[in-house]
Amino acid sequence: MSKINQSADGGSVFRVDKFVVPAAAREEILAKVRATHEVLRRQDGFVQDFLLEQFSGPGEFNLVTIVEWESQAVVDRVVPIVTAEHARAGFNPQETIARLGVRADIANYQRIPGV
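Residues numbered from 1 in each chain as written. Predicted model: local features only at pLDDT ≥ 70, side-chain atom pairs only at ≥ 80, totals over all residues. Heavy atoms only, no water.

A. Looking closely at the pairing of strand β3 (residues 63-69). For β3, the tally of buried residues reaches six of seven residues, placing the bulk of the element in the interior. The sheet contact formed by strand β1 (residues 13-20) and β3 spans seven bridges and is antiparallel. Opposite V16, over in β3, you have I66 as the bridge partner. Relative to β3, strand β2 (residues 46-53) runs antiparallel, the two being bridged by seven bridges. Across the sheet, the residue bridging to F50 is I66, located in β3. (Buried < 20%, exposed > 50% of the residue type's maximum accessible area, 1.4 Å probe, protein only. Helix = DSSP H or I, 4+ residues; strand = E, 2+ residues; numbered from the N terminus. Pairing = 2+ DSSP bridges.)

Structure, rendered in structure tokens:
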């Protein structure tokens, strides 16, 4: 993603992780997400988070997480903290996703001005 699109106004950044989680993987993925969000909530610049599970509709993704951060600078500071915490806990997100057959769509978003 280009720096032009990364919250150039210094406003909130929303990390949106969308997952297709097989039923057999649900509990393990939820445990990992909850543990990660515990770390996120302790970080300066954290605003709020949501863990959403699809219950109806034709959508592809059945689990979505949203985290709001104060700014891109906060996100840049928090990423290595989370990476270190995952390593300390022996958790490799990419390996876990591959092993469980989970598909992920992960990106940072910002609000569209004037909407």
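Let's pick the thread back up.
B. Inspection of the side chain of E68 at higher detail. Its place among the elements puts E68 in strand β3. Although E68 is buried, it makes no salt bridge; R111 carries the closest opposite charge, 4.2 Å away. A polar contact of 2.7 Å, which involves the side chain of E68, links it to the side chain of S12. The residues touching E68, leaving out its near neighbours within four places in the chain, are S12, V13, F14, G45, F46, V47, Q48 and R111. (Lys, Arg positive; Asp, Glu negative; His and termini not counted. Salt bridge = Lys/Arg side-chain N within 4 Å of Asp/Glu carboxyl O. Polar contact = N/O pair within 3.5 Å; in protein donor to acceptor, adjacent residues only side chain to side chain. Contact = heavy atoms within 4.5 Å.)

C. Spotlight on the environment of E85. With respect to the helices, strands and loops of the structure, E85 is situated in helix α2 (residues 72-88). On the accessibility criterion, E85 (23% relative accessible area) is partly exposed. Sequence separation of E85 and T36 is 49 residues, and the distance between their C-alpha atoms is 8.5 Å.

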